[in-house]
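Residue-level structural notes
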Amino acid sequence: MKECHSTTSTDEKHTDKDLTRQWNSIDWGTIKSTVNRLQIRIAKATQEGKWNLVKRLSYMLTHSFSAKLLAIRIVTQNKGKRTPGIDGELWNTASEKMRAAMSLTDKQYRAQPLRRIYIPKPGKDTKRPISIPTMYDRAMQALYGLALQPIAETTADPRSFGFRLFRSAQDASEYAFKCVGRKTSSQWILEGDIKGCFDNILHDWLKDHIPMDQSVLTQFLKSGYVFDQTLYPTDKGTPQGGLVSPILANMTLDGLEHVLKAEFPRMKVHFIRYADDFLVIAPTKKIAEAAKTIIQRFLAERGLTLSEEKTVITHIDDGFDFLGYNFRKYNGKFLIKPSKKSIQSITDKIKTVAKKAQAWSQDALIKTLNPIIRGWTNYHRHNVAKETFKKLDNYLWTVTWQWGKRRHSDRGFRWIANRYWKSEGERNWVFQTKENTLLQFSDASIRRHSFPKLDANPYLDRKYFLDRKERMKRQTPWIQTKLSYFALPPSNG
């Protein structure tokens, strides 16, 4: 498909059949490569501080038809593809997707209000707001996110790990291990939590510091939201639920690491951030308190504050939780284990599934539980989790046994055991059918995590990250490496 840098309007003469054929004939490898070449140029220009060139290249990308096609693909493949905005519109067919790509433009662009819903916070009675844009507005955010991501990655704090390309919570925990794990490491930890980060960032600060089309950014920020048929204005914050919001939030908080480094140049003060959660590791409690004051000042300029109840200073011997992991020294030995909250969360999830599954077949129950088990073990398998995995296997057996007893309350235990459990090798209690076998937590071997180079750029050091991704896949074939929606194309693309 030929590249087009001018806006393409929808042609009334295009039939659904024509549009379907066009969409189905797209060579996505070529599309991704075309977009990625521009992203690499943006990253290089950002690194060299050539901001006028960054602006021109960003304009080229956001007006590129390849980028528009990719933006449509992003929003019609992610988890929210079946969730409409206030207009109720979804793009399910090939012709609808192609027509959307042809109509995507910033000319006279006006974002529609967001549809506000509230979802429960895991393990809490409170709910958090999610604001759902229309499909068109999501596509515009995806399009401008493609141009903004290489800027954000190039200017990001090296020790920022959340909503980053080829970075993960495991990377953050591994870096914490490097900072706290030695006998001579700093012992005091400031656990930071920013109060309502997404909801409170000052719009004026964003418009002054985010290098993108100001009129489009204003539309993203000022669209308002609808709840209970009432329109509410948005005069601050970037809505949770918007594709571009994580990038904007990261760019708002970038620079904090450099501020702390400048304040404590010769001290063992380390900073780790994952989205709006962060750690400061300091040699004394007094220095940790001083770091907190510096951070509060940095955040205030952006309209943000620390959550007083969640921001605490802890000694490593008492331990702390971060990203679902528990970090603690036991008689001088530093260990990272699954946190109690994370264990409670997975047991609650398994229990909930089993209750819902009373009328399900054994196959359906296994197919639902296996991704849950696999995801949790993948997340924790690089830590000291062997004993936890064994305990969770026992819990899994108890839950499935109760499931079997409830289904067949008129049957004896031996009948239930013979119906649902088989022998396999040295194991006598294998919950399986002819087609599927329930995974066990202890099936996952404990394996050290491969830590990334902190100064590597996913656009400028592309080969390094692709090689690292392949190496991780070879080490653990059943792990599907999660990437951002704006991730790099495969090496053959």
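Numbers given for residues are sequential positions, taken from 1 along each chain in its written order. Given that the model is predicted, a residue must reach a pLDDT of at least 70 before its local features are reported, and side-chain atom pairs must reach 80 or more before they are shown or counted; all residues, however, enter totals for whole chains, interfaces and linings. Only hydrogens and water are set aside when side-chain values are computed; all heavy atoms of the structure are taken into account.

**Let's talk about the sheet that holds strand β11 (residues 333–338)**
Whenever strands of a sheet pair, they do so through backbone hydrogen bonds, lying parallel or antiparallel. When DSSP finds at least two bridges between two strands, those strands are taken to pair. Secondary structure follows DSSP: runs of H or I at least 4 residues long count as helices, runs of E at least 2 residues long count as strands, and numbering of each begins at the N terminus. Within the open sheet, the 3 strands sit side by side as β9-β10-β11. Their pairing is antiparallel. On the outer flanks of this sheet lie β9 (320–322) and β11, each paired with one strand and no other. Direction aside, the axes of adjacent strands within the sheet are offset by 30° on average. Note that strand β10 (residues 325–330) and β11 share 6 bridges and pair antiparallel. The partner of arginine 328 across the bridge, within β11, is leucine 335. Contacts: residue pairs with any heavy atoms within 4.5 Å of one another. Simply put, an axis is a line fit to the C-alpha atoms, just over the touching stretch for a helix, and the angle between two N-to-C directions goes from 0 to 180 degrees. Where helix α7 (residues 169–180) meets the sheet, it contacts β9, β10 and β11, and its direction lies at approximately 15° from that of β10.

**Considering the nonpolar core**
Residues grouped as a nonpolar core are buried Ala, Val, Leu, Ile, Met, Phe, Trp, Tyr and Cys residues, joined through side-chain atoms within 4.5 Å. Accessible area is worked out with a 1.4 Å probe on protein chains only. A residue is then buried under 20% of its type maximum, exposed over 50%, and partly exposed in between. With 77 residues, the main nonpolar core has Leu69, Leu148, Val280 and Ile295 as its most contacted residues. It is helix α6 (residues 135–155) that contributes the most residues to this core, 11 residues altogether. With 27 residues, the next largest nonpolar core counts Ile366, Trp403, Ala417 and Ala444 among its residues.

**Observations concerning the pattern of salt bridges**
Any two side chains of opposite charge can pair, given that their charged atoms come close. Take a side-chain nitrogen of Lys or Arg and a carboxyl oxygen of Asp or Glu: if they are within 4 Å of each other, that pair is a salt bridge. Per the stated rule, a full pass over the model turns up 13 salt bridges. Glutamate 174 serves as the salt-bridge partner of arginine 448, at 2.7 Å between the closest nitrogen and oxygen. Remark: glutamate 174 occurs in helix α7 and arginine 448 occurs in the loop between β13 (427–431) and α18 (462–475); sequence separation between them is 274 residues. For arginine 448, a relative accessible area of 53% translates into the label exposed.

**Observations regarding the confidence of the model for the chain**
A residue's pLDDT is the confidence the predictor assigns to it, expressed on a 0 to 100 scale. Considering every residue of the chain, the mean pLDDT works out to 91; 93% of them sit at 70 or more. With pLDDT under 50 throughout, residues 1–11 is counted as low confidence; its partners more than four residues away or in other chains account for 29 contacts. Note on residues 477–493: pLDDT is under 50 here. Beyond four places in sequence and across chains, it has 44 contacts.

**Considering the packing of aromatic side chains**
Two aromatic rings from Phe, Tyr or Trp, using only the six-membered ring of Trp, form a pair when their centres are within 6.5 Å; if the ring planes differ by under 30 degrees the pair is stacked, by over 60 it is edge-to-face, and anything between is tilted. Applying the stated criterion across every chain yields a total of 34 aromatic pairs. Geometrically, the ring pair formed by tyrosine 175 and phenylalanine 451 is stacked, given 6.0 Å between the ring centres and 15° between the ring planes. Residue tyrosine 175 is found in helix α7, and its partner phenylalanine 451 is found in the loop between β13 and α18; the two are separated by 276 residues along the sequence. Taking relative accessible area as the criterion, phenylalanine 451 reaches 21% and is therefore assigned partly exposed. Between the aromatic rings of tryptophan 397 and tryptophan 429, the centroid separation amounts to 5.6 Å while the plane-to-plane angle is 85°, which identifies the pairing as edge-to-face. Here tryptophan 397, found in helix α16 (residues 386–407), pairs with tryptophan 429, found in strand β13; they are 32 residues apart in sequence, far enough to count as distant. Given a relative accessible area of 33%, tryptophan 397 falls into the partly exposed group. Chaining the aromatic ring pairs together yields one cluster made of Trp397, Trp401, Trp403, Phe413, Tyr420, Trp421, Trp429 and Phe431. The ring of tyrosine 330 carries lysine 337 above its face, with NZ or CZ at 4.8 Å from the centroid. The rule is short: NZ of Lys or CZ of Arg within 6 Å of the ring centre and within 35 degrees of the ring normal puts a charge over the ring.

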